[in-house]
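Below, each chain spelled out in residue letters.
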Amino acid sequence: MSTLEIKGLQVSVATESGFTEILRGVDLTIKSGETHAIMGPNGSGKSTLAYSIAGHPKYTITGGSVTLDGADVLAMSVDERAKAGLFLAMQYPVEVPGVSVTNFLRTAATAIRGEAPKVRTWVGEVKEAMKALNMDTNFAERNVNEGFSGGEKKRHEILQLELLKPKFAILDETDSGLDVDALRIVSEGVNRVKANSDLGIMLITHYTRILRYIKPDFVHVFAAGKIVEEGGPELADKLEEKGYAEYTTA
Amino acid sequence: MSTLTTNYLAPTGREEAWRFTPLARVGGLLDSSIALESVNSVRITNAQPGVTLNVVRAADLAALSISDDLATIRAREFIEEVTHIQVAANSQISEPLILERIGLTGKPQASRTLISCGVNSHATIILHNSGEAILADEFEFDLASGSTLTFVSLQEWSGKAVHLGRQHAIIARDATFNSIVVTVGGSLVRLLPTVEFSGPGSSADLQGLYFATDGQHLEHRLHVDHNFPNAKSRVNYKGALAGDKAHTVWIGDVYIRSNAEGTDTYELNRNLLLSDGARADSVPNLEIETGEIVGAGHASTTGRFDDEQLFYLSSRGIPAEIARRLVIRGFFAEIVGKIKNEEIENRLMDRIDSELAKVGA
Ligand SMILES: Nc1ncnc2c1ncn2[C@@H]1O[C@H](COP(=O)(O)OP(=O)(O)OP(=O)(O)O)[C@@H](O)[C@H]1O
Ligand SMILES: [Mg+2]
């Protein structure tokens, strides 16, 4: 049983006119096996929260803490955070020209597991995971995310989730850009990982559709850089119906 | 030994052609008071049917092209013999021909090689430059109609080497010249990959990569002369620089003459600066004398490491230095992959890795 604890997190980005505060004290605790949905208007800071936990250099932490089973996540380098068990499925996965998916996955698995996976079992493992996500095996030979369609990039993120088996996954709009079938396939992938490993999930989304597949235990409303309301799955339905007006009109 | 007959002036550095080059480091190659030793510096390591090598008196095999490059003029002046490699007409050379250097002393020398490709022949030739040298070097490629030549020039020189070279192709009707230039070694390398056409339907694909670390000066001056209608050219050079006073120069001159209707050309140079104190000069230059063309374009970018790529890889647990190596290998993979030789690919990538490690980039 692990715990990811975010306390009073404040984050700024450097802009031409100085620092702009984006996160204004985020409190959130996620335990293994729990699924927390985060919903909120565009620009409210959801991706900023995700990136800050993963350690993106663009964001400056100005206050608060993030701990994983008590260990100071904010003091870790980006790769150390991944090794500690954090995984971020990005809203906009990055293209890495000239680096094949095969090479990338193997290098990542080697880093996370602390030893190179055995060639024979590894190839099978990757093939199987790709098959389960309905990905053509020729993706393995392509360069990381290069020329992938929006939906293909998202599947590739979940492929990594399946292979790297983190303790906590942050899924930043993994459902955006997926067609109806892909949404189901990707959601099943996430549920598979959860069933096998007691994964804790922070699921950032704009739509309740994905929540029919990946059932949240908690729903948080995110507005203007912090969590402004918390509830159960029923809160998502209310948001879908009424929008964020009551949280954004200050 | 030739006597010194030239009455040119050594460059001062103010000339357009020499303004980037550290002339103090050319090892006497351009010094009119120093004679260059003529050397037949090229040998074939893997003889192939359909390919011959003859050493010919320079007087019996004049250069095919005009050059105003001073290093080339100097080389031609002192050359006593020319190495002539011929690919027989209609022959398909299945295995790449490997050329190694011999007879290089590390004193100022001059060498000239002519490669003639017969009608409808197909060949890949790989020149492996290694060791120490101070060399003014000329290659001419004479591609007869319908022939295809892929010429790979690997500059894997040792640390002090100076190489001033010209690699000029004359491409006849429906012939294809593919050049892959890889420059990773040497103190000062200044190469002129140049192309002219002698028939329509001909094409040139000039690819290159260079990687400069501490104090290296690596200069590539390309010149594509679209002097014939309906010819096609592509130029794609990629460079990376790391360490103090690493300097690269890329000049891409493309001329589309008034008679060169139907020309299709595009040139690209991308540079990756891996540390402060390195400098990449990139000057694309496209001159167009006719509007009746298929297309003409150029692009040049010089940038730092893409932090987003590094972040993406690191967020998957990959340590920063391995992530950087992956990104750099990835940057060069497009060019290196074109050599289609795994042994050479690995050797080049390993060299790049170890040089990176040395400068701590
Ligand atoms: N470099 C930057 N300079 C200025 N503002 C920035 C910068 N980076 C992010 N922001 C701002 O921070 C705010 C939060 O952005 P973030 O991407 O976290 O929003 P989000 O909640 O994920 O939105 P969406 O639902 O559209 O994905 C936005 O207003 C954005 O414009
Ligand atoms: Mg976002």
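Quick notes on the rules
- Residues numbered from 1 in each chain as written.
- Chains lettered and ligands numbered in written order.
- Predicted model: local features only at pLDDT ≥ 70, side-chain atom pairs only at ≥ 80, totals over all residues.
- Heavy atoms only, no water.
- Helix = DSSP H or I, 4+ residues; strand = E, 2+ residues; numbered from the N terminus.
- Expected span 1.5 Å × (residues − 1).
- Buried < 20%, exposed > 50% of the residue type's maximum accessible area, 1.4 Å probe, protein only.
- Near = heavy atom within 4 Å.
- Polar contact = N/O pair within 3.5 Å; in protein donor to acceptor, adjacent residues only side chain to side chain.
- Nonpolar A, V, L, I, M, F, W, Y, C, P; charged D, E, K, R; others polar.
- Pairing = 2+ DSSP bridges.
- Axes fitted to C-alpha atoms, helices over the stretch in contact; angles between N-to-C directions.
- Core = buried A, V, L, I, M, F, W, Y, C linked by side-chain atoms within 4.5 Å.
- Contact = heavy atoms within 4.5 Å.
- Buried area = accessible area lost by both parts, 1.4 Å probe.
- Salt bridge = Lys/Arg side-chain N within 4 Å of Asp/Glu carboxyl O.
- Donors = N, O, S within 2.8 Å, 3.2 Å for Na, K, Ca; no water.
- pLDDT = per-residue confidence, 0-100.

A.B. asks: Any details on helix H3 (residues 101-113) of chain A? Residues and values, ideally.
C.D. replies: Because each turn of an α-helix spans 3.6 residues, side chains separated by three or four positions end up pointing in the same direction. Residues and elements named next belong to chain A. Taking 1.5 Å per residue as the helical rise, H3 with its 13 residues ought to reach 18 Å, and the 18 Å between its terminal C-alpha atoms agrees with that figure. Those residues of H3 not exposed but buried are Val101, Phe104, Leu105, Thr107, Ala108, Ala109 and Ala111. Phi turns positive, to about 85 degrees, at Gly114, one or two residues after H3.

A.B. asks: Quick rundown of the site of ligand 1? Include the residues and the values.
C.D. replies: All names here are of chain A. Gly43, Lys46, Ser47, Thr48 and His206 are the nearest of the 15 residues found near ligand 1. Taking Thr48, its side chain carries an N or O atom lying 2.5 Å from an oxygen atom of ligand 1. Between ligand 1 and Gln91 there is a distance of 3.2 Å, counted from an oxygen atom to a side-chain nitrogen or oxygen. Sorting the residues of the shell around ligand 1 by element identifies strand S1 (3-15) and helix H1 (46-54) as the ones contributing at least two each. Of the residues forming the shell around ligand 1, the biggest block, three residues, is contributed by H1. Per-class residue counts for the shell around ligand 1 are three nonpolar, nine polar and three charged.

A.B. asks: I'd like a description of the sheet that holds strand S9 (residues 168-172) of chain A, backed by residues and values.
C.D. replies: All names here are of chain A. Within the open sheet, the six strands sit side by side as S6-S9-S10-S3-S11-S12. Their pairing is mixed. Each edge of the open sheet carries a strand with a single partner, namely strand S6 (86-89) and strand S12 (226-231). When strand polarity is set aside, the average angle formed by the axes of neighbouring strands in this sheet is 20 degrees. Both strand S3 (residues 35-39) and strand S11 (residues 218-223) contribute to a ladder of four bridges, which runs parallel.

A.B. asks: Now, about the nonpolar core: what can you tell me, with residues and values included?
C.D. replies: Core analysis: the biggest nonpolar cluster contains 114 residues, and A:Ile6, A:Leu49, A:Met202, B:Phe211, B:Leu274, B:Phe332 and B:Ile352 have the highest contact counts within it. Ranked by residues supplied to this core, first place goes to helix H3 (residues 320-336) of chain B with eight residues. Residue contacts for A:Leu49: discarding those within four places in its chain leaves A:Ile6, A:Leu9, A:Leu23, A:Val26, A:Met202 and A:Phe222. Core analysis: the second largest hydrophobic core is formed by 51 residues, B:Leu99, B:Ile125, B:Leu143 and B:Phe197 among them.

A.B. asks: Pulling in residues and values, what's your account of the interface of chain A and chain B?
C.D. replies: Contacts between the two partners involve 32 residues from chain A and, on the opposite side, 17 residues from chain B. For the pair chain A and chain B, the summed buried area comes to about 1,900 Å², and 71% of that belongs to carbon and sulfur atoms. The partner of B:Arg316 in a salt bridge is A:Glu157, and the shortest N-O contact between them spans 2.7 Å. Seen at the junction of chain A and chain B, the total is seven residue pairs in polar contact (both at pLDDT 80 or more). For the side of chain A that touches chain B, the leading source of residues is H3(A), giving six residues. Across the side of chain A that touches chain B, the residue classes tally to 20 nonpolar, eight polar and four charged.

A.B. asks: Just give me the short version of the environment of B:Ala246, but keep the residues and values in it.
C.D. replies: Residues and elements named next belong to chain B. As for its placement among the helices and strands, Ala246 is situated in the loop between strand S15 (232-241) and strand S16 (247-256). A residue is classified by how much of its surface remains accessible, and Ala246, at 1% relative accessible area, is buried. Taking C-alpha positions, Ala246 is 9.0 Å from Phe211, a pair spaced 35 residues apart along the chain. The contact partners of Ala246, leaving out residues within four places of it in the chain, are Ala212, Thr213, Asp214, Gly215, Gln216, Leu241, Gly277, Ala278 and Arg279.

A.B. asks: So what's going on with the pattern of salt bridges? Residues and values would help.
C.D. replies: Residue and element names in this part refer to chain B. This model, assessed by the stated rule, comprises 31 salt bridges over all chains. Taking the shortest distance from any N to any O, the salt bridge between Arg112 and Glu140 comes out at 3.5 Å. Linking Arg112 in strand S6 (residues 108-117) with Glu140 in strand S8 (residues 134-143), this pair joins segments that are 28 residues apart in sequence. When its relative accessible area of 5% is taken as the criterion, Arg112 is described as buried. Looking at Glu140, the relative accessible area reads 1%, which means it is buried. With a closest N to O distance of 3.1 Å, Asp264 and Arg234 form a salt bridge. Separated by 30 residues along the polypeptide, Asp264 in strand S17 (residues 264-273) and Arg234 in strand S15 bring together distant segments of the chain.

A.B. asks: Tell me about the coordination of the magnesium ion (ligand 2), and name the residues and values.
C.D. replies: All names here are of chain A. Of the protein atoms, only Ser47 (OG) and Gln91 (OE1) coordinate the magnesium ion (ligand 2), at distances of 2.0 to 2.2 Å. In this pair, Ser47 sits in helix H1 while Gln91 sits in the loop between S6 and strand S7 (96-100), placing the two residues 44 residues apart along the sequence. In this structure, Ser47 and Gln91 share a single accessibility class: buried.

A.B. asks: Any details on the confidence of the model for chain B? Residues and values, ideally.
C.D. replies: Residues and elements named next belong to chain B. With 97% of its residues at a pLDDT of at least 70, chain B reaches an overall mean of 94. Of the regions scoring below 50 in pLDDT, residues 1-5 engages in 14 contacts with residues more than four places distant in sequence or in other chains. Under the prediction, the complex receives an ipTM of 0.96, its pTM being 0.85.

A.B. asks: Tell me what's going on with the sheet that holds S15(B), and back it up with residues and numbers.
C.D. replies: All names here are of chain B. Strand order across the open sheet formed by nine strands is S2-S5-S7-S9-S11-S13-S15-S17-S19, with mixed pairing between neighbours. Both outer strands of the open sheet, strand S2 (42-44) and strand S19 (295-304), are each paired with one neighbouring strand and no more. Across the sheet, the axes of successive neighbouring strands diverge by a mean angle of 10 degrees, strand direction being ignored. Pairing geometry for S15 and S17, over 10 bridges, is parallel. Following the sheet pairing, Lys232 is matched in S17 by Asp264. Where H3 meets the sheet, its contacts fall on strand S11 (176-183), strand S13 (203-212), S15 and S17, and the angle it forms with S15 comes to roughly 150 degrees. Across the sheet, helix H4 (residues 342-359) lies against strand S7 (122-131), strand S9 (148-157), S11 and S13, angled at about 30 degrees from S9, the strand it touches most.

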